[in-house]
Amino acid sequence: MRYSDIIVVVMAAGQSSRFGSDKRVAKLGNGETLLSSTLLTVQQCFTDIHIVIKPDDGIQSLGLPSQTPTIISQHSHLGLGYSISDTFKQLCSDKNMDNYRAAAIWLADLPWINRQTCSLLAGMATPDTILQPSYRGELGHPVIFGTKFWKDLSQLKSPRGASSIIKRHSNSRVSVPVNDPGVCSDIDYPIDILTSFKRS
């Protein structure tokens, strides 16, 4: 089953400073780029996917079709939280978003999350919950925010992602244990491509 009432925003506007080059186009063992691999994973369960990119990015230079839906973050250079804020400002102003119950914030460097995890999280999502998967006690991604929290996300002013929103609404956060190391297997350094848990 593929879900059409949860929008996925793939956060791909980072600087890749620790990786040393643009990790979005780094090749994985399946022959695909990191970003393409992540999108293939997301597409298994979700139909509405937007890629969040920097103002100077070209979608085709990232190896993606020109018609790929994108959101441009004008403040991406300030950190993840600002990219999230830019993203949700756009979503909150779009009347077409009224039919969604939640949004999944999916980091572009998480390509190995399994389909069962995606389906579990999507099935549990509601407009007034924040879902976060955990593997062996370690919190991971994607984090799914119900529409109730979108306005708060649009007002983020922190480089550290959405942790302050999660903390502020801790009574609405649900930790979902999963048997899936992919939720914590992000790629920060080139060696991570070789040592991380591979689904390819």
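Residues numbered from 1 in each chain as written. Predicted model: local features only at pLDDT ≥ 70, side-chain atom pairs only at ≥ 80, totals over all residues. Heavy atoms only, no water.

A few points about the overall build of the protein chain
Okay, step 1: Looking only at helices and strands, one finds six helices and eight strands in the protein chain.
Okay, step 2: In terms of C-alpha radius of gyration, the protein chain reaches 16 Å, essentially the compact-globule figure of 16 Å for 200 residues.
Okay, step 3: The C-alpha extent of the protein chain, read off along each of the three principal axes, is 40 × 35 × 30 Å.
Okay, step 4: Counting every position in the protein chain, which comprises 200 residues, the buried fraction comes to 55%.
Okay, step 5: Sequence separation of at least 24 residues holds for 68% of the intrachain contacts in the protein chain that already meet a minimum separation of 6.
Okay, step 6: As presented, the protein chain carries roughly 9,500 Å² of accessible surface, and 49% of it is formed by carbon and sulfur atoms. (Helix = DSSP H or I, 4+ residues; strand = E, 2+ residues; numbered from the N terminus. Rg over C-alpha atoms; globule rule 2.2 N^0.38 Å. Buried < 20%, exposed > 50% of the residue type's maximum accessible area, 1.4 Å probe, protein only. Contact = heavy atoms within 4.5 Å. Areas by Shrake-Rupley, 256 points an atom, 1.4 Å probe, with all protein chains shown as cover.)

Overview of the pattern of salt bridges
Okay, step 1: Under the defined criterion, the tally for this structure stands at six salt bridges.
Okay, step 2: Salt-bridge contacts for Arg101 lead to Asp5; the nearest nitrogen and oxygen are separated by 2.6 Å. Of this pair, Arg101 sits in the loop between α2 (80–92) and β4 (102–107) while Asp5 sits in the segment before β1 (6–11), and the two are 96 residues apart along the sequence.
Okay, step 3: Two residues, Arg24 and Asp22, come together in a salt bridge whose shortest N-O distance is 2.8 Å.
Okay, step 4: Note on Asp22: relative accessible area 29%, which makes it partly exposed.
Okay, step 5: Through salt bridges that share partners, Asp22, Arg24, Lys54 and Asp57 make up one connected network. (Salt bridge = Lys/Arg side-chain N within 4 Å of Asp/Glu carboxyl O.)

Thoughts on the layout of surface pockets
Okay, step 1: One number sums up the size of the largest pocket: a volume of about 1,000 Å³.
Okay, step 2: Contributing to the lining of the largest pocket are 39 residues, with Arg18, Leu80, Leu107, Asp109 and Asp188 lying nearest its centre.
Okay, step 3: Ranked by residue count, the leading element in the lining of the largest pocket is α2, at three residues.
Okay, step 4: One number sums up the size of the second largest pocket: a volume of about 180 Å³.
Okay, step 5: Along its surface, the second largest pocket is lined by Glu32, Ser36, Leu39, Leu40, Gln43, Thr47, Ile49, Leu64, Pro65, Thr68 and Pro69. (1 Å grid on protein atoms, 1.4 Å probe; cavity = no way out; pocket = protein on both sides within 12 Å on 5 of 7 lines; lining within 4 Å. Points joined across faces, edges and corners; volume = space filled by probe spheres on them.)

Let's talk about the packing of aromatic side chains
Okay, step 1: This model, assessed by the stated rule, comprises two aromatic pairs.
Okay, step 2: Taking 6.3 Å as the distance between ring centres and 40° as the angle between the ring planes, the aromatic pair formed by Tyr3 and Phe46 counts as tilted. Placement of Tyr3 in the segment before β1 and of Phe46 in the loop between α1 (34–43) and β2 (49–53) is noted, with a sequence separation of 43 residues between them.
Okay, step 3: With relative accessibility at 12%, the residue Tyr3 sits in the buried group.
Okay, step 4: Their ring planes at 70° and their centres at 5.7 Å tell us that Phe88 and Trp150 sit as a pair that is edge-to-face. With Phe88 in helix α2 and Trp150 in helix α4 (residues 150–154), this pair connects stretches of sequence that are 62 residues apart. (Phe/Tyr/Trp six-rings, centres within 6.5 Å; stacked < 30°, edge-to-face > 60°.)

A closer look at a nonpolar patch on the surface
Okay, step 1: A surface patch of nonpolar side chains, about 330 Å² in accessible area, is lined by Tyr189, Ile191 and Leu194.
Okay, step 2: Following the sequence through the fold, Tyr189 ends up in the loop between β8 (173–177) and α6 (190–195).
Okay, step 3: You can call Tyr189 partly exposed: its relative accessible area is 40%. (Patch = residues over 30% accessible without salt bridge, like charges linked within 9 Å, V, L, I, M, F, W, Y side chains within 5 Å.)

Focus: the nonpolar core
Okay, step 1: Within the largest apolar cluster, 57 residues are counted, with the highest numbers of intra-cluster contacts made by Val10, Phe46, Phe88, Trp106, Phe145, Trp150 and Leu153.
Okay, step 2: Leaving out residues up to four positions away in the same chain, Phe46 has contacts with Arg2, Tyr3, Ile6, Val8, Trp106, Cys118 and Ala122.
Okay, step 3: Of all hydrophobic cores here, the second largest spans seven residues; its members include Ala26, Leu34, Trp112 and Ile187. (Core = buried A, V, L, I, M, F, W, Y, C linked by side-chain atoms within 4.5 Å.)

Things to note about α2
Okay, step 1: In this model, α2 (13 residues) spans 18 Å end to end at C-alpha, consistent with the 18 Å of a helix rising 1.5 Å per residue.
Okay, step 2: Within the sequence span of α2, burial applies to Gly81, Ser83, Ile84, Ser85, Asp86, Thr87, Phe88 and Leu91.
Okay, step 3: At its buried positions, α2 is contacted by β1, β2, β3 (70–72), β4 and α4. (Expected span 1.5 Å × (residues − 1).)

Let's talk about the pairing of β2
Okay, step 1: Here β2 lies mainly inside the structure; five of its five residues are buried.
Okay, step 2: Burial along β2 is two-sided: Ile49, Ile51 and Ile53 and His50 and Val52, pointing in opposite directions, are all buried.
Okay, step 3: Bridging between β1 and β2 involves four bridges; their strand directions are parallel. Looking at β2, one finds that Val8 is bridged to Ile49.
Okay, step 4: Sheet topology places β2 next to β3; three bridges connect them, and they run parallel. Directly across from Val52, in β3, lies its bridge partner Ile71. (Pairing = 2+ DSSP bridges.)

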